[in-house]
Structures are given as C-alpha cells and as structure tokens.
Amino acid sequence: MSSRITLGPPLIGAPHPSDAPFSVAYAERHGEGARQVTVLAVVADAPTAELIGRVLSRDRLVLASDMAEGIALAEAEAPEVVFVDVGVAGGAGLALVHHIKVVASGATIFALAAPELVASGAHAVALGAAGLFILPLGGDEVLNAVHAVRALTDMTEWLAKGGEVAIYDATNSTHARRQLVTECCSNHALPLVFVESICDDPSVIAATIRETKTHSPDYSGMDPDDAVDDFRARIAHYERAYE
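An account of the accompanying structure is given in this report.

Reading the values: the criteria
Residues numbered from 1 in each chain as written. Predicted model: local features only at pLDDT ≥ 70, side-chain atom pairs only at ≥ 80, totals over all residues. Heavy atoms only, no water. Phe/Tyr/Trp six-rings, centres within 6.5 Å; stacked < 30°, edge-to-face > 60°. Helix = DSSP H or I, 4+ residues; strand = E, 2+ residues; numbered from the N terminus. Buried < 20%, exposed > 50% of the residue type's maximum accessible area, 1.4 Å probe, protein only. Pairing = 2+ DSSP bridges. Axes fitted to C-alpha atoms, helices over the stretch in contact; angles between N-to-C directions. Parallel < 35°, antiparallel > 145°, perpendicular 65-115°, else oblique. Left-handed = near helix turned anticlockwise from the far one by under 90°. Contact = heavy atoms within 4.5 Å. Nonpolar A, V, L, I, M, F, W, Y, C, P; charged D, E, K, R; others polar. Patch = residues over 30% accessible without salt bridge, like charges linked within 9 Å, V, L, I, M, F, W, Y side chains within 5 Å. Areas by Shrake-Rupley, 256 points an atom, 1.4 Å probe, with all protein chains shown as cover. Salt bridge = Lys/Arg side-chain N within 4 Å of Asp/Glu carboxyl O. Lys, Arg positive; Asp, Glu negative; His and termini not counted. Charge placed at Lys NZ, Arg CZ, Asp CG, Glu CD.

1. Things to note about the packing of aromatic side chains
What the rule picks out here adds up to two aromatic pairs. Ring pairs connect the aromatic residues Phe83, Phe110 and Phe133, which therefore count as one cluster.

Here is the structure:
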C-alpha cells in the first residue's frame, strides 16, 4: 500500500509494522519528550531575540543579527526552522530569504515584519517563506511555528520507515499553514487529503466542550467552567483567523 496522509488539526499515525503507534500530539503541545529542533533567528532587535530564546529554551537556537552571519549560520548549522526579520540590515531580509532557500534548502522559513514592512513580508512569502508574523512577536506564534515543523518532520520520517497512514491533527486554518503542509508532503512525494469538519450548532458545540475538552490534558486541574470559557475563547480566535 502506498503511503497516505490525511490532515486536519498533535500527530497520530496508523500502526507501524512494529505495532508501535505514532502519536506526538500531547508531547508536541507541552514539550515533554519532544525532539530538539535547530532554529536560526536572524533578527536585529534585542527584545525579539530574547523572546525567541526564552520560548525555545528546549530547542537549539542560533542567533544572527545581519545578512552575512545569517547565511553563514544557515549553511553551517543546517537549521530546520529559520525566522528572518525582513527589516534586518536596512531591508536585506528579503535577499536573506532567497539565500537561505539555497544554502539550507531543507529549512522552513518564517518572515518577521514590522507593521510598516508588511508588504516586504508578503514579498518574503512569495519568495518561499512559509508564513509571515507581524512584530512585535508573540511567544505562542514562535512555539506553534516550531511545533508544526517538528511534527511534520517526525511524520514524514515515520512514514519513510514503513508507516502507511498519518493523521496530522493541527489547526491548519490559514492559507500559509496549509501551504506549509502541502509543500512538506509534495517534497516527500506523499499524497495528501485535507479533511475539514465544521459545526455551527451551539448545543452540539457546548456538549462537545463539556464532554471532551474539559477532560483533556490541556485543562488538567482547571475548574470546568473556566475550561469551557477558555475553549470558547479559542474557538472565537480561530473563527477570526480562519481563511
């Protein structure tokens, strides 16, 4: 049977020939036992560098502050994830995206842009960046980007070892996120199917939250009412960001 991937929003695979199921969902969200990822960040301002370093304390982070250093580290360190501030060195970030695609072809690049440089950030995506984040950067944005790449890499490696079907369960609600998944599967010649389930029945949503989400590891030890409120806020966020 040829490999097949079904996608939606943690990562669960069909049984491997060894009968060991592939699941990194909870570990990926919480960092428990997650594989370390090499991340290159090319940023000029100290607060952004400090934020990335703080939230990626479990991973291997290398920092650069200009184009030459960024290219050298991309070539020497073989990063899986690269964050590039398009405004670095007076706007050299766009050229840097192009160069990193050449010297570190396996890296997934995320562009960073100040509000006044959004057009340059969009250009970086056109050049091959997997997504664009507007500065100031949020810690969740950094973590989610790295976790997504880590999970996709683990998934493709698992399939290469004999796995047949993998379900990449993630919140792929934006064009950029779906493009990241599509490119990953295309690069590994993996057939891909997106599955989307939409429910707008308030009673079903309420029952589902009460019966499943409040008992998940995400809300361990939290008051059930607070858990419901938190998950409703998450739903509202995804509705706003949906593309």
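Anyway, onward from the coordinates.
2. Focus on unusual backbone geometry
Of the consecutive residues leucine 135 and proline 136, the connecting peptide bond is found in the cis state with omega at 5°. If you trace the backbone, proline 136 turns up in the loop between β7 (131-134) and α7 (139-160). Of note, the phi angle at alanine 78 is positive, near 50°, even though the residue is not glycine. Turning to its location among the elements, alanine 78 is positioned in the loop between α3 (67-77) and β5 (81-85). Relative accessible area serves as the criterion here: at 55%, alanine 78 is assigned to the exposed category.

3. Quick look at the pairing of β5
Extensive coverage of β5 is indicated by the burial of five of its five residues. As judged from the five bridges shared by β5 and strand β6 (residues 108-113), these two strands associate in the parallel manner. Note on β6: the bridge partner recorded for valine 84 is alanine 111.

4. Comments concerning the sheet that holds strand β3 (residues 38-42)
Taking strand neighbours across the sheet as the criterion, the five strands line up as β4-β3-β5-β6-β7 in an open arrangement whose pairing is parallel. Edge positions in the open sheet fall to β4 (60-64) and β7, since each of these has one partner strand only. When the angles between neighbouring strand axes are averaged without regard to direction, this sheet yields 20°.

5. Structural notes on the packing of helix α2 (residues 46-55) against α7
Closest axis-to-axis distance for the α2/α7 pair is 9 Å, and the angle between their directions is 55°. Comparing their axes, α7 and α2 come out oblique. As for the relative orientation of α2 and α7, their crossing is right-handed in sense. Of α7, the residues touching α2 (which contributes Leu51, Ile52 and Val55) are Gly139, Val142 and Leu143. Considering only residue class, the contact of α2 with α7 consists of five nonpolar, one polar and no charged.

6. Quick word on a negative patch on the surface
A cluster of acidic residues, Asp223, Asp226, Asp229 and Asp230, forms a negative patch at the surface. Locating aspartate 226 in the fold gives a position in helix α10 (residues 224-241). The exposure class assigned to aspartate 226 is partly exposed, which follows from its relative accessible area of 43%.

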